[in-house]
Amino acid sequence: MSGDVAQTSGVVLADAAMIKEAAGVIKRGGLVAFPTETVYGLGADATNTHAVATLFQVKGRPKFDPLIVHVASKEEACGLWAHCPDMTHRLMEAFWPGPLTLVLPKNERIPDLVTAGLSTVAVRMPDHPVALELIRQAGCPIAAPSANRFGGVSPTTAQAVEEDLRTRLDVILDAGPARIGIESTVVACERDTLVVLRPGGIPVEAIREVAGTVTVAHTNPAQPAAPGMLARHYAPRTPLYLLDGLTNPRVRLGPVGMTTGRMGLLSFGPVIEPSGFTITEVLSHQGDLVEAAARLFQAIRRLDAEGLEAMVATQTPEHGLGLAIMDRLRKASQGIALVAEGRLVLIDRSTP
Ligand code: AMP
Ligand code: MG
């Protein structure tokens, strides 16, 4: 970190003066947490190996997990890839700026550390005025994973970044809660095919409308579609269990049952009362997937702060943003929850 600013770390309003100062930090090889429309990112100059190494260290991220590089224009993206096929141009036209990350063969501008040694680089143009201004003023592409400790819940507010990483950052730019609330869709643009490596803020259906055939890589923990696609990720400290079904069953908690402690319910739609759960978080009273995605990580964080024995999540339909929500819930979960005679039974997934 660039020592001089490290002492003054903390959340600051992302006004023009602070964006300028933050851009200076990036130029000097420091780290800046900044807002995007998906989640808050932890940024470093993508062309500065030392800065990127510090980023991996601060985040506790394994070096085999490649970073997404953020740019402020389509031309800048094309300047990082070895080539830029027609289909890639069409996707950029349709979805940029926005939560779509495109993976293509790289040229020599981006160091191997950023891409975990891969010959491809993942690039996106965020749809957020602060992020775009920061990139422009820094004058370099910005490598940025989510601004949280590796494996944990992604931050959708500056305060969430501060909880996780405060003492280790130069600047945290605050521009309020992230609008989309879930990470970008990652798409590999291979010779003749598009492969969704990670579902995210742009629904696969929308990409199909533009591109025709799109394959969705299956999440097989033993064989990740891409490096860094780990089976367990996005996880709160409190164990999370996935319920079968879209709505909550009514449960009885108590010493006679399988569980004794306080239980949280993370519900996709309205809660059927009395639920029996100690505390509930509703993602969308209308059962709207876009709203649910925007609220997901904050709701998990709130439940996580309650000191519960466990939290139980209902599922969402797996279309639109539901595909991304279910991807995150599965990766955050420790196992499944069943209800037997009104009692919750929590079953841990066996680790491969
Ligand atoms: P995030 O954790 O949100 O920073 O997302 C980064 C993810 O994008 C990584 O964990 C990878 O799974 C994926 N990714 C980044 N770069 C590449 C790449 N060159 N090839 C394939 N996947 C990539
Ligand atoms: Mg992340």
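Residues numbered from 1 in each chain as written. Chains lettered and ligands numbered in written order. Predicted model: local features only at pLDDT ≥ 70, side-chain atom pairs only at ≥ 80, totals over all residues. Heavy atoms only, no water.

## Details of the pattern of salt bridges
Move 1: For the structure shown, the criterion picks out 15 salt bridges.
Move 2: Ionic pairing is found between Glu 93 and Lys 74, a salt bridge with its closest N-O pair at 3.8 Å. With a gap of 19 residues between them, Glu 93 in helix H5 (residues 86-95) and Lys 74 in helix H4 (residues 74-78) connect regions that are remote in the sequence.
Move 3: When salt bridges that share partners are traced, they join Glu 183, Asp 327, Arg 328 and Lys 331 into one network. (Salt bridge = Lys/Arg side-chain N within 4 Å of Asp/Glu carboxyl O. Helix = DSSP H or I, 4+ residues; strand = E, 2+ residues; numbered from the N terminus.)

## Description of the nonpolar core
Move 1: Trp 81, Trp 96, Leu 102 and Leu 173 are the most contacted members of the largest nonpolar core, which totals 68 residues.
Move 2: The residues contacting Trp 81, other than those within four sequence positions of it, are Thr 88, Met 92, Trp 96, Leu 102, Leu 104, Pro 105, Lys 106, Asn 107, Val 121 and Val 123. (Core = buried A, V, L, I, M, F, W, Y, C linked by side-chain atoms within 4.5 Å. Buried < 20%, exposed > 50% of the residue type's maximum accessible area, 1.4 Å probe, protein only. Contact = heavy atoms within 4.5 Å.)

## Comments concerning the side chain of Ser 146
Move 1: Relative to the helices and strands, Ser 146 resides in the loop between strand E7 (142-143) and helix H7 (158-165).
Move 2: There is a polar contact of 2.6 Å between the side chain of Ser 146 and the side chain of Asn 148.
Move 3: The residues contacting Ser 146, other than those within four sequence positions of it, are Val 39, Tyr 40, Gly 41, Leu 42, Lys 59, Ser 154 and Pro 155. (Polar contact = N/O pair within 3.5 Å; in protein donor to acceptor, adjacent residues only side chain to side chain.)

## Observations regarding the packing of aromatic side chains
Move 1: The full count for this structure, using the stated rule, is two aromatic pairs.
Move 2: With centroids separated by 6.4 Å and ring planes inclined at 40 degrees, the aromatic side chains of Trp 81 and Trp 96 adopt a geometry described as tilted. Of this pair, Trp 81 sits in the loop between H4 and H5 while Trp 96 sits in the loop between H5 and strand E5 (100-105), placing them 15 residues apart in sequence. Note on accessibility: Trp 81 and Trp 96 belong to one class, buried.
Move 3: Aromatic pair Tyr 234 and Phe 297: ring centres 6.1 Å apart, planes at 20 degrees, arrangement stacked. Here Tyr 234 is found in the loop between strand E11 (214-216) and strand E12 (240-243), whereas its partner Phe 297 is found in helix H9 (residues 289-304), with 63 residues between them in sequence. In this structure, Tyr 234 and Phe 297 share a single accessibility class: buried. (Phe/Tyr/Trp six-rings, centres within 6.5 Å; stacked < 30°, edge-to-face > 60°.)

## Quick look at the packing of H9 against helix H10 (residues 322-332)
Move 1: Orientation of H9 relative to H10, taken along the N-to-C sense of each, is 20 degrees, at an axis distance of 9 Å. Classed by the angle they form, the pair H9 and H10 counts as roughly parallel. The two elements H9 and H10 cross, and the hand of that crossing is left-handed. Residues Leu 289, Ala 292, Ala 293, Leu 296, Phe 297 and Ile 300 of H9 form the contact with H10, whose own contacting residues are Gly 322, Ile 325, Arg 328 and Leu 329.
Move 2: Per-class residue counts for the contact of H9 with H10 are eight nonpolar, one polar and one charged. (Axes fitted to C-alpha atoms, helices over the stretch in contact; angles between N-to-C directions. Parallel < 35°, antiparallel > 145°, perpendicular 65-115°, else oblique. Left-handed = near helix turned anticlockwise from the far one by under 90°. Nonpolar A, V, L, I, M, F, W, Y, C, P; charged D, E, K, R; others polar.)

## Focus on unusual backbone geometry
Move 1: With an omega of -10 degrees, the peptide bond running from Trp 96 to Pro 97 counts as cis.
Move 2: Within the fold, Pro 97 resides in the loop between H5 and E5.
Move 3: The omega torsion of the bond from Glu 273 to Pro 274 falls at -5 degrees, within 30 degrees of zero and hence cis.
Move 4: Note that Pro 274 resides in the loop between strand E13 (263-267) and strand E14 (279-282).
Move 5: Positive phi values are uncommon outside glycine, yet Glu 341 reaches one of about 50 degrees.

## What to know about the packing of H5 against helix H8 (residues 204-211)
Move 1: Interaxial distance between H5 and H8 falls to 10 Å at its minimum, and their mutual angle equals 125 degrees. Relative to H8, H5 is oriented oblique. By crossing handedness, the relation of H5 to H8 is classed as right-handed. For the pair H5 and H8, contact is made by Met 87, Arg 90, Leu 91, Ala 94 and Phe 95 and by Ala 206, Ile 207, Val 210 and Ala 211, respectively.

## A few points about the sheet that holds strand E2 (residues 32-34)
To summarise the sheet geometry, strands pair through backbone hydrogen bonds and adopt either a parallel or an antiparallel arrangement.
Move 1: Ordered in space as E1-E8-E2-E3-E7-E4-E6-E5-E9-E10-E11, the 11 strands form an open sheet in which the pairing is mixed. Sheet topology places strand E1 (11-13) and E11 at the edges, where each strand pairs with a single neighbour.
Move 2: Pairing of E5 with strand E6 (residues 120-124), which is carried by four bridges, proceeds in the antiparallel orientation. Residue pairing for E6: Pro 105 is matched across the bridge by Thr 120.
Move 3: The strands touched by helix H3 (residues 49-59) are strand E3 (41-45) and E7; relative to E3, the strand with the most contacts, the crossing angle is about 155 degrees.
Move 4: Docked against the sheet, H5 engages E5, strand E9 (185-189) and strand E10 (194-198), running at close to 160 degrees with respect to E5. (Pairing = 2+ DSSP bridges.)

## Examining the sheet that holds strand E16 (residues 335-340)
Move 1: Strand order in the open sheet formed by six strands is E14-E13-E15-E12-E16-E17, with mixed pairing between adjacent strands. Two strands close off the open sheet at either side, each with one partner strand: E14 and strand E17 (343-348). On average, each strand axis in the sheet is tilted by 30 degrees relative to the strand beside it, whichever way the strands run.
Move 2: Along the sheet face, H9 touches E12, E13, E14 and strand E15 (310-313) and points at about 170 degrees away from the line of E13.

## Here's the deal with a nonpolar patch on the surface
Move 1: On the surface, Ile 336, Leu 338 and Ile 347 cluster together into a nonpolar patch covering about 230 Å² of accessible area.
Move 2: Here Leu 338 lies in strand E16.
Move 3: Using a relative accessible area of 38% as the deciding quantity, one classes Leu 338 as partly exposed. (Patch = residues over 30% accessible without salt bridge, like charges linked within 9 Å, V, L, I, M, F, W, Y side chains within 5 Å. Areas by Shrake-Rupley, 256 points an atom, 1.4 Å probe, with all protein chains shown as cover.)

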